[in-house]
Amino acid sequence: MVNCCGLVTVKNEPVPLKSIAVEVSVQGHVATVSSTLQYENQEQSPLEAIFVFPLPGEAAVCRFSAKIGQTEVVAEVQEKQKAQEQYDDALSSGQQAFLLEESDESPDVFKLSVGSLPPGEKASVSLDYVTELAVQADDGLRLCLPAVLNPRYQPQGSDSGSGGSAQVSSVPAGSVPYSLSLSAHVSSPHPISRVESNCPLDPLNYLNTEKTQATVSLAAGHQFDRDVELLLYYQDTHQPTAIVEAAQASAKPGSLMGDPVVMLSLYPEFPKDVMSSMTSHGEFLFVVDRSGSMECPMHLGSGSQDRIGSARDTLLLLLKSLPMGCYFNIIGFGSSYESFFSKSVEYSQKTMDEALQKVKEMRADLGGTEILQPLKHIYSQPCLPDQPRQLFLFTDGEVRNTKEVLDLVKTNAGSHRCFSFGIGKGASTALISGVAKQARGHAQFITGQDRMQPKVMQSLRFALQPAVVDISVKWNVPKGVSVTPLSPPIRVVFQGQRALLYAQLTGESSGDTEGSVMVKYSLAKQPVENQLSFSLKPAEDAGMTVHRLGARTLIQSLEVEEGEQDGEKEGVKEKVIELSIQSGVSSAFTAFIAVHKGDGEALHGQLLRRQVPTPNWYLCSSVLEPDMKLSELDDRADQLMCSASEFEVGTKSKCKMRKRNSMSAQKAKGSLASRVKDFDSPAPTSKPVRDPLLQLISLQKASGSWVLEAALAEVLAKTEEEVSKPKPAQVDQDVWATVLALVWLYGFKMEAQEEWQFLAMKAVSWIQAQKVASVSECVQAGNTLLGCQVQKDTLGL
């Protein structure tokens, strides 16, 4: 492996970041995460260390401090340019300074600058952030500590040299020179069932007999070489809750921090009769990442399927599950994009077969990751009458122009819903969650041992649900109390999904201490109401978590508004800065700055810059293509091997000079070029589907039926004669084959029902349309043949 400038010190010793300690405090559906980073300068000269790292896209950084020796300096929030100038001034005068700022391109990437540390000096940097916990398909609440910041593809022609860009240094995943310790305290209104993780945990320790409080820790010795996921499971997690948090004592009444803030967790329930009627209309656009990184494995370990292979299997499921009467298209993207059809086509046996053939041939062969252009192409196509547009986006989420993508999606949000899927480690939470939020959809993350198919089919279920319209929220509070919503209006509601609302409560009531909120909407032309009552009495001190999350929600809304204003709205940026400083919450226009003046003496010697590496899962051989030109090899070497890592040589003045380590670059390119020979062989053809379930699914017709054929008999582990002989007289062969397929699914594959439920519904609808008189006889004969005991009612017949 090539050693790149900035990954090691001049003595070839590890970078100065030694360890990360994390403490997590979970309160129901939200969490406060406190991280402490230990630095040590082992150089002979003063040192500036740069650490670029990811945070969850919805997180709000709310505290930042640094400890040098026995002195702690707490950072303050300032306007970003002012903070950067103060940081440069401090370094120029030989003082120690710390700067934490959000990337200009993506709100889930932060850059921490630590300087200037004298030779031999140690420093401890602490930062706190608050975040909401995402609800998973199995009702678990997901907390992710992103360790992996994959190299983010910079689209051609875009400006990558801005001061706010986050330049990432990467090393192979097993070579991260720092460790992680993590402990979590979990508190919930409902009993805690269990806590799971993709990393080894010490046993869960309950703190009370009600099991509403517990602690858990990461097993010792964990190298921070992967995203760390905690999955929390509560009893009755879908019950709506409300938390009222008291005002900050030192803040002015009437301000956001000086008033109580309420957080409502709502779970709207849809009537069963409405839920049983899935729509048969829609334009379904499946947008699939075909960049080189999609050829990396889904997870570490033998036998792991690559990401593009999993995407192919998922597309098979989706194409078989679509309802007759809808329209669809598939778009693959990388440095360029390709559509299966010139425009969306009506779903039929012919178009489904054409699409499936192209899916089999689909490879991760389109270079880099440019999402913006295919989205622009989609939005330029007119929507089809009476066919609501549903966009499914699959990507490993490694782009730098996240904010530009989100702006585009928001501009076109009125024309479609977007369901997004982050594949593999390091997918940008800001991108995946952001496009779904802006386009009224739902986001899913597929990591570790997760299978893509169940999560995608859950989102298809959402897409096929009747659209929720005319959503309104009405607050009812006693006289003397007023409500100021902090959250944007609810734009989408899905069955069983949580909606979090924040609001500021101003004033006091002399009598009544109860409030309520009513959510109304129209579903399938039926009016629906959901109401939740809550106490106005603030809960015990929660460390201002709810206030800060409310502030972050409002800041994010204002940031989007500022990006759209084009000079029409004045003062939006100033309002964001004011709110950020008042609440102590990070924003795109502010930064945390801390300066330690020490004894006032200037530090002597050349100031060195060191990039602290993040682990990189991207360096798999598949990022090379067999027909790559030498110039493309050069570009890929620059992108992947960190050969363009920068360092700064500083003096007491503000003058700084950036250098390229061209020797490392040439060495990286030579190493890559020598490996091109490995890719001279023709592209591998897709292997036939071996999994019996996927094989059965691949045999289903677009109408929902199966044909009595040798391939079906093979899936059922029978001969053609054994399958044909028990067919009841007067029963059509296709009806018999379809009943057998349903009996097999319900008899042997119930654990995967979420994956095949829609194609089973299509099969049942097709059988019913044939008006078969002897369905019971068919089911009984099918049970006898396959050794099952499936009831006709279970099948939905």
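Please read all numbers here as calculations on a predicted model, not as lab measurements.

Participant: Which residues make up the overall build of the protein, and what are the values?
Facilitator: Along the backbone of the protein there are 19 helices and 37 strands. Residue pairs at least 24 apart in sequence account for 75% of intrachain contacts in the protein once pairs closer than 6 positions are excluded. Roughly 33100 Å² of accessible area belongs to the protein as shown, and the carbon and sulfur atoms make up 49% of that amount.

Participant: Help me get a handle on the side chain of glutamate 283, residues and values and all.
Facilitator: Residue placement: glutamate 283 occurs in strand E21 (residues 283-289). Beyond its immediate chain neighbours, meaning those up to four positions away, glutamate 283 contacts Tyr327, Ser344, Leu384, Gln387, Pro388, Arg389 and Gln390.

Participant: Run through the side chain of serine 124, naming residues and quoting values.
Facilitator: Secondary-structure assignment places serine 124 in strand E9 (residues 122-132). What makes serine 124 buried here is its relative accessible area of 14%. Beyond its immediate chain neighbours, meaning those up to four positions away, serine 124 contacts Thr36, Leu37, Gln38, Ser65, Ala66 and Lys67.

Participant: Please give an account of the confidence of the model for the protein that cites residues and values.
Facilitator: Across the protein, the average pLDDT comes to 77, with 77% of residues at 70 or higher. Below a pLDDT of 50 lies the segment residues 1-15, which in the model reaches 42 contacts outside its immediate sequence neighbourhood of four places, other chains included. Predicted confidence for residues 615-689 stays below pLDDT 50, and this span has 143 contacts to residues more than four positions away or in other chains.

Participant: So what's going on with the pattern of salt bridges? Residues and values would help.
Facilitator: Counted by the stated rule, this structure contains twelve salt bridges. A salt bridge links lysine 403 to glutamate 102, with the nearest nitrogen and oxygen atoms 3.4 Å apart. Separated by 301 residues along the polypeptide, lysine 403 in helix H6 (residues 402-411) and glutamate 102 in strand E7 (residues 96-102) bring together distant segments of the chain. The partner of glutamate 229 in a salt bridge is arginine 142, with the nearest N and O atoms 2.6 Å apart. Of this pair, glutamate 229 sits in strand E18 (residues 228-234) while arginine 142 sits in strand E11 (residues 141-145); the two residues are 87 residues apart in sequence, bridging distant segments of the chain. On the accessibility criterion, arginine 142 (11% relative accessible area) is buried. The network of salt bridges with common partners includes Arg290, Glu338, Arg363 and Asp365.

Participant: Which residues make up the sheet that holds strand E14 (residues 192-197), and what values go with them?
Facilitator: Strand order across the open sheet formed by four strands is E10-E11-E18-E14, with antiparallel pairing between neighbours. Each edge of the open sheet carries a strand with a single partner, namely strand E10 (134-135) and E14.

Participant: Help me get a handle on helix H18 (residues 775-786), residues and values and all.
Facilitator: Spanning twelve residues, H18 covers 16 Å between terminal C-alpha atoms, matching the ideal 16 Å at 1.5 Å per step. For H18, the elements touching its buried residues are helix H15 (720-724), helix H16 (733-748), helix H17 (753-769) and helix H19 (792-795). Note on H18: the residue one or two positions beyond its end, glycine 787, has a positive phi of about 75°.

Conventions used here
- Along each chain, residue indices are assigned from 1 in the same order as the chain's sequence is written.
- Note on the predicted model: pLDDT of at least 70 is required for a residue's local features to be given, and 80 or more for side-chain atom pairs to be given and counted; whole-chain, interface and lining totals, by contrast, use all residues.
- For side-chain calculations, the full set of non-hydrogen atoms in the structure is used, while hydrogens and water are omitted.
- Helix and strand definitions follow DSSP, with helices as H or I runs of at least four residues and strands as E runs of at least two, each counted in order from the N terminus.
- In this description, contact between two residues means that some pair of their heavy atoms is separated by no more than 4.5 Å.
- Under the convention used here, a 1.4 Å probe and the Shrake-Rupley method define accessible areas, while residue burial counts only the protein chains that appear.
- Under the scheme applied here, a residue whose accessible area is under 20% of the maximum for its type counts as buried, over 50% as exposed, and between as partly exposed, the area being computed with a 1.4 Å probe on protein chains only.
- Each residue carries a pLDDT score, the predictor's own confidence in it, on a scale running from 0 to 100.
- A side-chain nitrogen of Lys or Arg and a carboxyl oxygen of Asp or Glu constitute a salt bridge if their distance falls within 4 Å.
- Two strands are counted as paired when DSSP detects at least two bridges linking them.
- Helix span, as expected, comes to 1.5 Å for every residue beyond the first.

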